[in-house]
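Each chain, letter by letter, is given below.
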Amino acid sequence: MSSPTPTSPPAYPDPDPQLPEAFHYTPNEEKYVLQADALRHRQLRSALLYGSSRYWRRRQQVWPAVIGGLILVALICGVIALIGAFGRQQEVNEERGWGNTTTRQQMIQSPLTVAP
């Protein structure tokens, strides 16, 4: 009985010694090209998400500060508008005589008489 001889991979021609190693034949070259393309896509996606910082884990949290600042500015503007509206309403009340306590007391003491 003869023992099976291991089959050797197909022999490729010896690379030209003048060519750089990058240009030599590579088995499964399509697999490596697809992996390199996928790596490039992941790197570009990471660059868009985390910015150009080399150490994206050390980057400062900007968005919470921006949102907090906008909320604070909105609250300050609301308080200023509320104070202004309250002041204007006080002026209107004084013009109509509703805010003056002496006018109220005079109305109570001398009510209007209805003419027959």
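Within any chain, residue numbers begin from 1 and follow the written order of that chain's sequence. A pLDDT threshold of at least 70 governs which residues receive local features in this predicted model, and a stricter bar of 80 or more applies before side-chain atom pairs are shown or counted, although totals over entire chains, interfaces and linings include all residues. The basis for every side-chain value is the complete set of non-hydrogen atoms in the structure, without hydrogens or water.

**A closer look at the overall build of the protein**
- A helix here means a DSSP run of H or I that spans at least four residues, while a strand means a run of E at least two residues long, and both kinds are numbered starting from the N terminus. The helix and strand inventory of the protein stands at three helices and zero strands.
- For the protein, the α and β elements follow one another from N to C terminus as α-α-α.
- Relative accessible area decides the class of each residue, using a 1.4 Å probe on protein chains only: under 20% of the type maximum gives buried, over 50% gives exposed, and in between gives partly exposed. Each of the 116 residues in the protein was classed as buried or not, and the buried ones make up 1%.
- Reported accessibility uses the Shrake-Rupley method at a 1.4 Å probe radius. Residues are deemed covered only where the shown protein chains occlude them. Of the roughly 11,800 Å² of accessible surface on the protein, 62% is carried by carbon and sulfur atoms.

**Details of the pattern of salt bridges**
- Just to be clear on terms, a salt bridge is a Lys or Arg side-chain nitrogen sitting within 4 Å of an Asp or Glu carboxyl oxygen. In this structure the tally under the stated criterion is one salt bridge.
- When the shortest N-O distance is used, the salt bridge between Asp-37 and Arg-40 registers 2.9 Å. In this pair, Asp-37 and Arg-40 both sit in helix α1 (residues 29-50), three residues apart, roughly one turn of the helix.
- For Asp-37, a relative accessible area of 31% translates into the label partly exposed.

**Here's the deal with the confidence of the model for the protein**
- pLDDT measures the predictor's confidence residue by residue and takes values from 0 up to 100. Looking at the protein, the pLDDT average stands at 77 and 62% of residues meet or exceed 70.
- Highest mean pLDDT in the protein belongs to helix α2 (residues 63-96) (94); lowest belongs to helix α3 (residues 101-109) (58).

**A word on unusual backbone geometry**
- We note that Asn-28 has phi near 60°; this positive angle belongs to a residue other than glycine.
- By the element assignment, Asn-28 lies in the segment before α1.

**Examining α1**
- For a helix, the expected span equals 1.5 Å multiplied by the number of residues minus one. Here α1 is 22 residues long and its end C-alpha atoms lie 31 Å apart, about the 32 Å a rise of 1.5 Å per residue gives.
- Residue Gly-51 follows α1 closely and has a positive phi angle near 85°.

**Quick notes on α2**
- Taking 1.5 Å as the rise per residue, α2 with 34 residues should run 50 Å; its terminal C-alpha atoms sit 49 Å apart, in good agreement.
- Downstream of α2 by one or two residues, Gly-97 has phi in the positive range, about 90°.

**Re a nonpolar patch on the surface**
- Together, Val-62, Trp-63, Val-66 and Leu-70 make up an exposed nonpolar region whose accessible area comes to about 440 Å².
- Tracing the backbone shows Val-66 in helix α2. Patch rule: a residue counts if its relative accessible area is over 30% and it has no salt bridge; like charges are joined within 9 Å, and nonpolar side chains (Val, Leu, Ile, Met, Phe, Trp, Tyr) within 5 Å.

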